[in-house]
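Residues per chain are reported as follows:
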Amino acid sequence: DAKTTQPTSMDCAEGRAANLPCNHSTISGNEYVYWYRQIHSQGPQYIIHGLKNNETNEMASLIITEDRKSSTLILPHATLRDTAVYYCIVRVDQGGKLIFGQGTELSVKP
Amino acid sequence: DTAVSQTPKYLVTQMGNDKSIKCEQNLGHDTMYWYKQDSKKFLKIMFSYNNKELIINETVPNRFSPKSPDKAHLNLHINSLELGDSAVYFCASSRSGGRVYEQYFGPGTRLTVT
């Protein structure tokens, strides 16, 4: 079972920041938080990951609370092409297994 | 250049047939995976191979047999296809090691069993 809880869907206006929350209250100290997204009919795409500190790359920012029980993915200026299902994943082992939950369906509207 | 490629993109076949899906990655990764996405859009891992050795084998019917001829290829062979096998199958690859690395996914193969 996925160790994360995400809202089923969210809307965001084009050009505004999209803030996608994720709860992972049972996360262990050495488990990373990963974010992937899946644009319709495509394979999942890696976005960002973090352990304790906030992270930023060219796609997004990841804010992890101090107790690590929740995180927020931020798309600073959402575009229509960011419409996708966003998955928050807590890695469970070193074997590489990603356990996908239901994700958040983000709709970016003009 | 395509990082992770799969063939075919679409596959329509009848129950009872045997089919294969091929996957190739040109990223130099040594770990490859197969995932299944069903009609409800849930993505679930099926297999993982590291350096041509099976390291993850989820509860998958033994009609499914992955084969890795080398580190760049991981093929999925399915025997005696059933209606419930209809799904989108994704191949992925990643580096391996002490850290956990991001996975790169292929475009998927939509399998329809009639």
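In the block above lies the structure referred to throughout.
Residues numbered from 1 in each chain as written. Chains lettered and ligands numbered in written order. Predicted model: local features only at pLDDT ≥ 70, side-chain atom pairs only at ≥ 80, totals over all residues. Heavy atoms only, no water.

1. Quick look at the pattern of salt bridges
Taken as a whole, this structure holds four salt bridges over all chains when the rule is applied. Where Arg 37 of chain A meets Asp 82 of chain A, a salt bridge forms, and the shortest distance between an N and an O atom there is 2.8 Å. Here Arg 37 of chain A, found in strand β3 (residues 33–38), pairs with Asp 82 of chain A, found in the loop between β7 (70–75) and β8 (84–90); they are 45 residues apart in sequence, far enough to count as distant. Each member of the pair, Arg 37 of chain A as well as Asp 82 of chain A, is classed as buried. One network of salt bridges, with partners in common, ties together Arg 63, Glu 82 and Asp 85 of chain B. (Salt bridge = Lys/Arg side-chain N within 4 Å of Asp/Glu carboxyl O. Helix = DSSP H or I, 4+ residues; strand = E, 2+ residues; numbered from the N terminus. Buried < 20%, exposed > 50% of the residue type's maximum accessible area, 1.4 Å probe, protein only.)

2. Here's the deal with the interface of chain B and chain A
At the junction of the two partners, chain B supplies 22 residues and chain A supplies 21 residues. Roughly 1700 Å² of surface becomes buried between chain B and chain A when both sides are summed, with 53% attributable to carbon and sulfur atoms. Run the count over chain B and chain A and you get zero salt bridges. At the surface where chain B touches chain A, the tally comes to two residue pairs in polar contact (both at pLDDT 80 or more). When contributions to the side of chain B that touches chain A are tallied by element, the ones reaching two or more residues are β4 (31–37), β5 (43–50) and β6 (53–57) of chain B. Its residues placed into classes, the side of chain B that touches chain A shows 12 nonpolar, six polar and four charged. (Contact = heavy atoms within 4.5 Å. Buried area = accessible area lost by both parts, 1.4 Å probe. Polar contact = N/O pair within 3.5 Å; in protein donor to acceptor, adjacent residues only side chain to side chain. Nonpolar A, V, L, I, M, F, W, Y, C, P; charged D, E, K, R; others polar.)

3. Quick notes on the sheet that holds strand β7 (residues 64–70) of chain B
Residues and elements named next belong to chain B. The four strands lie next to each other as β1-β3-β8-β7, forming an open sheet whose pairing is antiparallel. In the strand order of this sheet, the two ends are held by β1 (4–7) and β7, each with one partner. Averaged over all pairs of adjacent strands, the angle between their axes in this sheet comes to 20°, without regard to strand direction. As judged from the four bridges shared by strand β3 (residues 19–25) and strand β8 (residues 73–78), these two strands associate in the antiparallel manner. Bridged to Ile 21 within β8 is Leu 76. (Pairing = 2+ DSSP bridges. Axes fitted to C-alpha atoms, helices over the stretch in contact; angles between N-to-C directions.)

4. With respect to the pairing of strand β4 (residues 45–50) of chain A
Residues and elements named next belong to chain A. Along β4, five of the six residues are buried, which leaves the element largely enclosed by surrounding structure. Pairing analysis gives five bridges linking β3 to β4, with the strands arranged antiparallel. Opposite Val 33, over in β4, you have Gly 50 as the bridge partner. Between β3 and β4, which pair antiparallel in sequence order, lie six residues; one of them, Ser 41, sits at a positive phi of approximately 70°.

5. Observations concerning unusual backbone geometry
With an omega of -5°, the peptide bond between Thr 7 of chain B and Pro 8 of chain B qualifies as cis. Assignment of secondary structure puts Pro 8 of chain B in the loop between β1 and β2 (10–13). One non-glycine residue, Arg 68 of chain A, adopts positive backbone phi at about 65°. The topology assignment puts Arg 68 of chain A in the loop between β6 (61–64) and β7.

Coordinates in, geometry out; function isn't part of it.
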